[in-house]
Amino acid sequence: MSVRKTFILALVAIITGLALIITNHIVTSRGIVIAAAILFAGCGIIALLASRSMAPVKPDTQATDTTDVPDTADKRAGRRSAIARIAVIIAGSGACLLGLAMFIFTSTFASGVAAFFALLALLCAIAIYLVLAIGTRPHILPGWLYILPTVIVGAAIYLFTLQPMADDRAIMVVTGSAVTLFGITAALIALLLRSARRAYAAMPAKTTAAADTPASQAPAVRTIRDLDE
């Protein structure tokens, strides 16, 4: 787990969450759908334009005779390039169609904004649970950190009960609070993990005799408290 990337993610999440809270009286479900439609359409057009420059890799005709090696590196690279180009074209076309559909059926998509934000908050909480359980190994962070993603899960459940367009301000405030809490939690994890790694690096090296024992060959799992001792 990269501490620097986690800090950047936390900063972006905090800024995004605060922006939703501050502009809750301006941002509406319809406005979000229209902005998302522009974003999808723009990304789709960029992807389609980029696919035109993805020229297939031509095999090297100057290479040695490859009759005995039918699957050369050039052929494999050419196949990968063709597959990547097809994938980009499909993704770009899908994004353009989705953006167009969101423009045409704005009210229909606006009715699902609350559910979408609830799913987003739920995914944020799951991501934090996974990071705390797996992503910080071999270090174990304090158990109280699990309270923060649980609060985000509560926000997600509450978002599912709100009515889009009727409760737009509540949707923006709750979503902004959940995203901000996600950013704060990510920042706390990064800070504690960096401290744990520094403490681990500052520990004296084990003696040669201890290093030769089978038990010492396995990485020890230490808590923050153990590292501070």
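(A) Local environment of the packing of helix α6 (residues 147–160) against helix α7 (residues 168–202). Across the interface, α6 lies against α7 with an axial gap of 10 Å and an inter-helix angle of 165°. Taken together, the axes of α6 and α7 lie roughly antiparallel to each other. Along this stretch, α6 crosses α7, giving a crossing that reads as left-handed. Touching Leu 148, Val 151, Ile 152, Ala 155, Tyr 158 and Leu 159 of α6 are Ile 171, Val 174, Thr 175, Ala 178, Leu 181, Phe 182, Thr 185 and Leu 188, all from α7. A per-class count over the contact of α6 with α7 returns 12 nonpolar, two polar and no charged.

(B) Region of the structure containing the packing of aromatic side chains. Here the structure, examined in full by the defined rule, presents two aromatic pairs. Seen in terms of ring centroids, Tyr 129 and Tyr 146 are 6.2 Å apart; in terms of plane orientation they differ by 20°. Their pairing is stacked. One end of the pair, Tyr 129, is in helix α5 (residues 113–135); the other, Tyr 146, is in the loop between β1 (139–140) and α6, with 17 residues separating them in the sequence. Judged by relative accessible area, which is 30%, Tyr 146 ranks as partly exposed.

(C) Quick peek at helix α2 (residues 29–52). In a regular helix each residue adds 1.5 Å, so 24 residues correspond to 34 Å; α2 covers 35 Å between its end C-alpha atoms and thus fits that length. Within α2, the full set of buried residues consists of Ser 29, Val 33, Ala 37, Ala 41, Gly 44, Ala 47 and Ser 51.

(D) Quick look at a nonpolar patch on the surface. Side chains of Ile 34, Ile 38, Phe 40, Leu 98, Leu 100, Phe 103, Ile 104, Phe 105 and Phe 109 sit close together on the surface and give an oily, nonpolar patch of about 800 Å² of accessible area. Looking at the nonpolar patch, the elements that each hand over two or more residues are α2 and α3 (73–104). Here the nonpolar patch gets four residues from one element, more than from any other, and that element is α3. Among the secondary structure elements, Leu 100 is positioned in helix α3.

(E) Quick look at the environment of Phe 105. Here Phe 105 shows up in the loop between α3 and α4 (106–110). Spatially, the C-alpha atom of Phe 105 lies 10.0 Å from that of Ile 34, the residues being 71 residues apart in sequence.

(F) Geometry of the nonpolar core. Ranked by internal contacts, the top residues of the largest apolar core, which has 31 residues, are Ile 152, Leu 159 and Ile 171. Counting only elements with at least two residues in this core, the list comes to α1 (3–22), α2, α5, α6 and α7. It is α5 that contributes the most residues to this core, nine residues altogether. Those residues in contact with Ile 152, other than ones at most four positions away along the chain, are Ala 121, Ala 125, Ile 128, Ala 178, Leu 181 and Phe 182.

Here is what the cut-offs are and how they apply
Residues numbered from 1 in each chain as written. Predicted model: local features only at pLDDT ≥ 70, side-chain atom pairs only at ≥ 80, totals over all residues. Heavy atoms only, no water. Axes fitted to C-alpha atoms, helices over the stretch in contact; angles between N-to-C directions. Helix = DSSP H or I, 4+ residues; strand = E, 2+ residues; numbered from the N terminus. Parallel < 35°, antiparallel > 145°, perpendicular 65-115°, else oblique. Left-handed = near helix turned anticlockwise from the far one by under 90°. Contact = heavy atoms within 4.5 Å. Nonpolar A, V, L, I, M, F, W, Y, C, P; charged D, E, K, R; others polar. Phe/Tyr/Trp six-rings, centres within 6.5 Å; stacked < 30°, edge-to-face > 60°. Buried < 20%, exposed > 50% of the residue type's maximum accessible area, 1.4 Å probe, protein only. Expected span 1.5 Å × (residues − 1). Patch = residues over 30% accessible without salt bridge, like charges linked within 9 Å, V, L, I, M, F, W, Y side chains within 5 Å. Areas by Shrake-Rupley, 256 points an atom, 1.4 Å probe, with all protein chains shown as cover. Salt bridge = Lys/Arg side-chain N within 4 Å of Asp/Glu carboxyl O. Core = buried A, V, L, I, M, F, W, Y, C linked by side-chain atoms within 4.5 Å.

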